[in-house]
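Examination of the molecular architecture
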Amino acid sequence: MKIGIDGRVLMDKNYSGVSSYTANLLNALLASKKNNSFHLFCNSFDKKNNLSIWQKHDCQVLKTSFPNKVFNYLLQNLFSWPKLDKVLGGVDIFFAPHFNFLKLSKNVKLVLTVHDLSFLRYPEFFSFRKNFWHQALRVKRLLKRADKIVAVSENTKHDLQELFKIDSQKIEVIYSGNNYQSEALTRLKSEERALFNSQKESDNIFLQTKKIKKDFILFLGNIEPRKNISGLIEAYNILRTNNEKFQEVQLVLAGGKGWKTKNILKTWKKSPFKNDIKFLGYVNDVEKEALYRQAKLFIYPSFYEGFGFPPLEAASFGVPVISSHVSSLPEILENSSLLVNPFIVDELAEAMSIFLNDDNLRSKFIKAGLEKASQFSWEKTANLYLKLFEELHENK
């Protein structure tokens, strides 16, 4: 079976969210031993890219070099050219891991992954530019063109049915994988303790360079309104004001700058504890893992998620997790984290205080988190995708 894949998100300089999802899934698909060939389409005017890592096994990469706005808005949207399956020399199945400007031949089966519909649920969380892009995509038409839609959670499936009236038979729920399965359990094996100790020294050097203290609360994600960072800062203010014993506890916010950050920065600047609130910006994998290993607790008070990678990642490192009880998060985390109302900052503050005070509760949620995180794998995700591709191909 010849499978075409829209790899344009892989041209991002820094991977997160959908680009990270696509990279991990593609790795798992390429590792499968089934008799398939994969053909990756990419476009970028920038000559610098990471495409060489995909040119292995049964993956062929084809890249065009148009400016993205020209390719998307003019060629794909206005002129419906080129047909991406024809650019790849003809394919049996075309897989799009995200909404994008996409033109295919009529006879080509399309599998489209939908991560979330936050731009419809909460358009106020997005910039004018982002909302314009979502409108220009003509999402309804793209969903209609798809032969199968993959939702990354039951919550996303529900949103698709409610907002677009899509038949449930057309939607397949396939959970995302977890990048760090059993990480905490692995590092505690006796034969790896020496490695763990040297790793801890390296982590401490990184924390020192960032002026991060021993005890810190970690958030990881893009800095944008949907992640409820203003509410998190306000909750941290309450925690520090009401608890003298937590005066050495910092709040570390790791993640690339998103959009509409003005109010977030305003909330930070008004905080009496702003010197202990650290914005690290985008962190690479090594830095991210160091933060997960050393964090006292992880908090993810997002207003809306289609899946939510960071809480599972943190749980994999044996960090107790506080998260929201909205959208997909209760479904994915299910009894493995302390769930709170993200709209009530007092609840966030109370949850942080509880975890910092109660070691028995921390241990309980650490164990539950490790168990939950181990249930998600990219191999499992890839196998479900391959089964879906095969079923579509057989019914062609």
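In what follows, the structure referred to is the one given above.
Below is a short write-up of the structure. Owing to the predicted nature of the structure, the values given are computational and were not obtained by experimental measurement.

Observations regarding the packing of helix α15 (residues 345-357) against helix α16 (residues 359-373)
- One way to put it is that α15 packs onto α16 with a least axis distance of 5 Å and a crossing angle of 100°. By the angle between their directions, the pair α15 and α16 is classed as roughly perpendicular. For the pair α15 and α16, contact is made by Ile354, Phe355 and Asn357 and by Asp359, Leu361, Arg362 and Phe365, respectively.
- Broken down by class, the residue content of the contact of α15 with α16 amounts to four nonpolar, one polar and two charged.

A few points about the sheet that holds strand β9 (residues 250-254)
- One open sheet accounts for six strands, arranged β10-β9-β8-β11-β12-β13; its pairing is parallel. The strands lining the two open edges of the sheet, one partner per strand, are β10 (277-281) and β13 (338-340). Neighbour-to-neighbour, the strand axes of the sheet open up by a mean angle of 25°, direction not taken into account.
- Of the strands in this sheet, β8 (216-220), β9, β10 and β11 (297-300) touch helix α12 (residues 285-294), which is tilted by about 140° from β8.

Quick word on the state of the cysteines
- Using the criterion set out here, one finds zero disulfides in the structure.
- Considering cysteine sulfurs only, cysteine 59 is the nearest to cysteine 42, which forms no disulfide, with 8.4 Å between them.
- On the basis of relative accessible area, cysteine 42 is assigned to the buried category, the value being 0%.
- Look at cysteine 59 and you get buried, because its relative accessible area is 6%.

Calculation rules
Along each chain, numbering runs from 1 in the same order as the chain's sequence is written. Selection of residues for local features in this predicted model requires a pLDDT of at least 70, selection of side-chain atom pairs for listing and counting requires 80 or more, and totals for whole chains, interfaces and linings are taken over all residues. In computing side-chain properties, one takes all heavy atoms of the structure into account and sets aside hydrogens as well as water. To get an axis, a line is fitted to the C-alpha atoms, and for a helix only the part in contact is used. The angle between two axes follows their N-to-C directions and goes from 0 to 180 degrees. Think of it this way: any DSSP run of H or I at least four residues long counts as a helix, any run of E at least two long counts as a strand, and we number them from the N terminus. Throughout, the term roughly parallel applies to angles under 35 degrees, roughly antiparallel to angles over 145, roughly perpendicular to angles from 65 to 115, and oblique to all others. Every residue pair with non-hydrogen atoms within 4.5 Å of one another is taken to be in contact. Residue classes follow a fixed rule: Ala, Val, Leu, Ile, Met, Phe, Trp, Tyr, Cys and Pro count as nonpolar, while Asp, Glu, Lys and Arg count as charged, and any other residue, Gly among them, counts as polar. Two strands make a pair as long as DSSP finds a minimum of two bridges between them. Disulfide assignment relies on a single distance test, namely cysteine sulfur atoms paired within 2.5 Å. For the exposure calls, accessible area comes from a 1.4 Å probe over protein chains only, and a residue counts as buried if that area is under 20% of its type's maximum, exposed if over 50%, partly exposed in between.

Everything listed here is a matter of coordinates, which is why it stays silent on function.
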